[in-house]
Amino acid sequence: METPAEPRAHSADPNLDYVYATLDGLQRSSPAQAEFYQAAEDVLASLGPELESDTHYAKHAIIERLVEPERQVFFRVAWMDDKGQVHVNKGYRVQFNSALGPYKGGLRFHPNVTASVIKFLGFEQIFKNALTGLPIGGGKGGANFNPKGRSDAEIMRFCQAFMAELHRHIGATVDVPAGDIGVGAREIGYLFGYYRRLTGRYEGALTGKGLAWGGSLGRVEATGYGCVYFAENMLNARHESLEGNTCLVSGAGNVAIHTIEKLYQLGAIPVTCSDSTGTIHDHRGVDLDLLRTIKERDRLPLSRYLETHPEAEYTPLSDYPTDGHAVWRYPARAAFPCATQNELTSGDAEALLANGVTCISEGANMPSTRAAVEVFLDAGIAYGPAKAANAGGVATSQLEMQQNAGLTQWPIDKVDARLREIMTDIFNRCSATAAEFGEPNNLSMGANIAGFRRVANAMIEQGLY
Ligand code: NDP
């Protein structure tokens, strides 16, 4: 980290001078890392009140230490396609902070993966994991590999090439990766198989494993289910519920599918889903079985939905509004962004409010732009930030670690009950912390400060390292 710059002229709150000096230094030392900078600013800019009430964080240079990963591994992944052609991708594992436990966070395989994307995800993960109350540190990894259109054999060879380097850096008590975009049960299987072969150890070095070989019941569903449980907590606190209400969901992957499933279980009506090619609106409710067939089994574009339901509305990416996304332009009570980062703009946020949405629960990581978040906070609606609302996935991964350590497998009822309890605890932690500063509805600030406190205090108590 470079020497902090002079405070920014626009820093209105003097307590934020320390934060903005660090952010300025970050921009100089990590240029062209826009996503990482956005995530760091989002967290750090809300810490002003906490830094004011407790000045020892500055003495321990906690902010400067938090934005600098403990370790970053960047590596070459060379693999062969089915025609014998060799390809080279960039692999990453960023081990951000281990003050609370082994590094924990997913692996993302997507062509837009860069060091900035992995660092933003790893940074968010520190606070998310802290919020769960469980003993897990923060990390993230992945590769700029596009799995789309690749055969199973090609996916296997890529995963093996990726693990050929990654295995040196992970382990059940060191760093425990899981899935994320482009890394599901199939990829975790190939990665775990090769880890075992290379190390000779059968241990919980990855989560999201198959149920017959160390996986936890309920892990696949956990992020989506948890995101809906979080919305339920927010609404219950306002004496409202999801039952009978129309909901918008973006995405068509793991998180979106299980969000839709849980919404149906709670009596809500999810009417949208989307993928990287377009959006479906089905006013009678999304046909979940069909969605699974198209996206999970056949891995096809969402437009195929119309072949079975021609009465549904399909908007291709090319017809999206210029200031946002088609999926957020329908009347509803609650919205669940479950696709990817920055998929909900301020234009989308204004449209959601105008269409009657009073609850947002973020399943994806950083799906709302900073301007969109400001729209939600200004409107005073129930806004569940990603690091709180989607923490159910990593929390259940930690439950998988507990089961692996105890050489056991818990029944689904136990895992789901624990997940529900953890999501309620996270909600209570966020709202109680926000209330301390006189803003009980600002769960974004509550999440950032509650997560920060737990990590920062652990770092101070463990001495300088
Ligand atoms: P998947 O790969 O299973 O699904 C991602 C979905 O998002 C796909 O439907 C994909 O479309 C769509 N998508 C990707 N990029 C875009 C884009 N630019 N525009 C529109 N749609 C897009 O990933 P997950 O469901 O696992 O992850 C979704 C989000 O949730 C990510 O932000 C992830 O970090 C976050 N998350 C996931 C957790 C988990 O347990 N899996 C845990 C916590 C957070 P297509 O099918 O066309 O590729």
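Residues numbered from 1 in each chain as written. Predicted model: local features only at pLDDT ≥ 70, side-chain atom pairs only at ≥ 80, totals over all residues. Heavy atoms only, no water.

Some points on the domain arrangement of the chain
So, point 1. Domain boundaries assigned for the chain yield domain 1 (14–66), domain 2 (71–203) and domain 3 (222–389).
So, point 2. If you average the C-alpha positions of domain 1 and of domain 3, the two centres end up 31 Å apart.
So, point 3. For the domain 1 and domain 3 pair, buried surface summed over both sides reaches about 520 Å², with 48% attributable to carbon and sulfur atoms.
So, point 4. The interface formed by domain 1 and domain 3 holds 2 salt bridges in total.
So, point 5. Asp-42 serves as the salt-bridge partner of Lys-387, at 3.5 Å between the closest nitrogen and oxygen.
So, point 6. For the interface between domain 1 and domain 3, the tally reads 2 residue pairs in polar contact (both at pLDDT 80 or more).
So, point 7. Among the residues forming the side of domain 1 that touches domain 3, the class breakdown is 3 nonpolar, 1 polar and 3 charged. (Domains from an automatic or database assignment. Buried area = accessible area lost by both parts, 1.4 Å probe. Salt bridge = Lys/Arg side-chain N within 4 Å of Asp/Glu carboxyl O. Polar contact = N/O pair within 3.5 Å; in protein donor to acceptor, adjacent residues only side chain to side chain. Nonpolar A, V, L, I, M, F, W, Y, C, P; charged D, E, K, R; others polar.)

Observations concerning the sheet that holds strand β12 (residues 359–361)
So, point 1. Spatially, 5 strands are ordered β7-β6-β11-β12-β13 in an open sheet, and the strand pairing comes out parallel. Edge strands, defined here as strands with exactly one partner in the open sheet, are β7 (269–270) and β13 (382–384).
So, point 2. Note: strand β11 (residues 334–336) against β12, 2 bridges, orientation parallel. The residue of β12 that forms the bridge with Ala-334 is Cys-359. (Pairing = 2+ DSSP bridges. Helix = DSSP H or I, 4+ residues; strand = E, 2+ residues; numbered from the N terminus.)

Description of helix α13 (residues 346–354)
Each α-helix turn comprises 3.6 residues. Residues three or four places apart therefore point the same way.
So, point 1. Within the sequence span of α13, burial applies to Gly-347, Asp-348, Ala-349, Ala-351 and Leu-352.
So, point 2. Contacts from the buried residues of α13 go to β6 (246–249), β11, β12 and α14 (370–379).
So, point 3. In the stretch just after α13, Gly-356 is the one whose phi turns positive, near 95°. (Buried < 20%, exposed > 50% of the residue type's maximum accessible area, 1.4 Å probe, protein only. Contact = heavy atoms within 4.5 Å.)

Topic: the pattern of salt bridges
So, point 1. Scanning the entire structure with this criterion turns up 27 salt bridges.
So, point 2. With its nearest N and O atoms 2.8 Å apart, the salt bridge here joins Glu-261 to Arg-292. Here Glu-261, found in helix α10 (residues 254–265), pairs with Arg-292, found in helix α11 (residues 288–297); they are 31 residues apart in sequence, far enough to count as distant.
So, point 3. Assessed through its relative accessible area of 17%, Glu-261 is described here as buried.
So, point 4. Exposure remark for Arg-292: the relative accessible area of 21% places this residue in the partly exposed category.
So, point 5. It is possible to trace a salt-bridge network through shared partners that takes in Asp-42, Glu-124, Arg-370 and Lys-387.

Brief notes about the nonpolar core
So, point 1. Counting 56 residues, the largest nonpolar core has Phe-230, Leu-242, Leu-263, Leu-291, Phe-336 and Ile-426 as its most contacted members.
So, point 2. When residues of this core are assigned to their parent elements, the largest contribution, 9 residues, is made by helix α9 (residues 219–237).
So, point 3. Of the residues that make up this core, three or more belong to each of domain 2 (71–203) and domain 3 (222–389).
So, point 4. Leave out the neighbours within four places in its chain, and Phe-336 touches Cys-227, Val-228, Ala-231, Leu-242, Cys-247, Leu-248, Val-249, Ser-250, Thr-259, Leu-263, Trp-328 and Ser-361.
So, point 5. If you look at the next biggest cluster of nonpolar residues, it comprises 44 residues, including Tyr-18, Val-67, Phe-123 and Ala-456. (Core = buried A, V, L, I, M, F, W, Y, C linked by side-chain atoms within 4.5 Å.)

What about the packing of α9 against helix α17 (residues 412–436)?
So, point 1. Relative to each other, α9 and α17 sit at 50°, their axes nearing to 9 Å. What the angle tells us is that α9 and α17 run oblique. Crossing handedness for the pair α9 and α17: right-handed. Two secondary-structure elements touch here, α9 through Ala-222, Tyr-225, Gly-226, Tyr-229, Phe-230, Glu-232, Asn-233, Met-234 and Ala-237 and α17 through Asp-416, Leu-419, Arg-420, Met-423, Thr-424, Ile-426 and Phe-427.
So, point 2. Each residue belonging to the contact of α9 with α17 can be placed in one class, and the counts come to 10 nonpolar, 3 polar and 3 charged. (Axes fitted to C-alpha atoms, helices over the stretch in contact; angles between N-to-C directions. Parallel < 35°, antiparallel > 145°, perpendicular 65-115°, else oblique. Left-handed = near helix turned anticlockwise from the far one by under 90°.)

A look at the site of the ligand
So, point 1. The local shell around the ligand holds 21 residues, among which Lys-148, Asp-180, Thr-223, Ser-276 and Asn-365 are the closest.
So, point 2. Arg-219 places a polar side-chain atom, nitrogen or oxygen, 3.1 Å from an oxygen atom of the ligand.
So, point 3. Here an oxygen atom of the ligand sits 2.9 Å away from a polar atom, N or O, in the side chain of Lys-295.
So, point 4. Here the ligand, which alone exposes 890 Å², has 82% of that area covered by the protein.
So, point 5. Across the shell around the ligand, the residue classes tally to 6 nonpolar, 9 polar and 6 charged.
So, point 6. Counting contributing residues per domain, the shell around the ligand is built from domain 2 (71–203) and domain 3 (222–389), each supplying no fewer than three. (Near = heavy atom within 4 Å. Areas by Shrake-Rupley, 256 points an atom, 1.4 Å probe, with all protein chains shown as cover.)

Quick word on a nonpolar patch on the surface
So, point 1. Together, Met-80, Val-86 and Val-88 give the surface a local cluster of nonpolar side chains, amounting to about 270 Å² of exposed area.
So, point 2. By the element assignment, Val-88 lies in strand β2 (residues 86–97). (Patch = residues over 30% accessible without salt bridge, like charges linked within 9 Å, V, L, I, M, F, W, Y side chains within 5 Å.)

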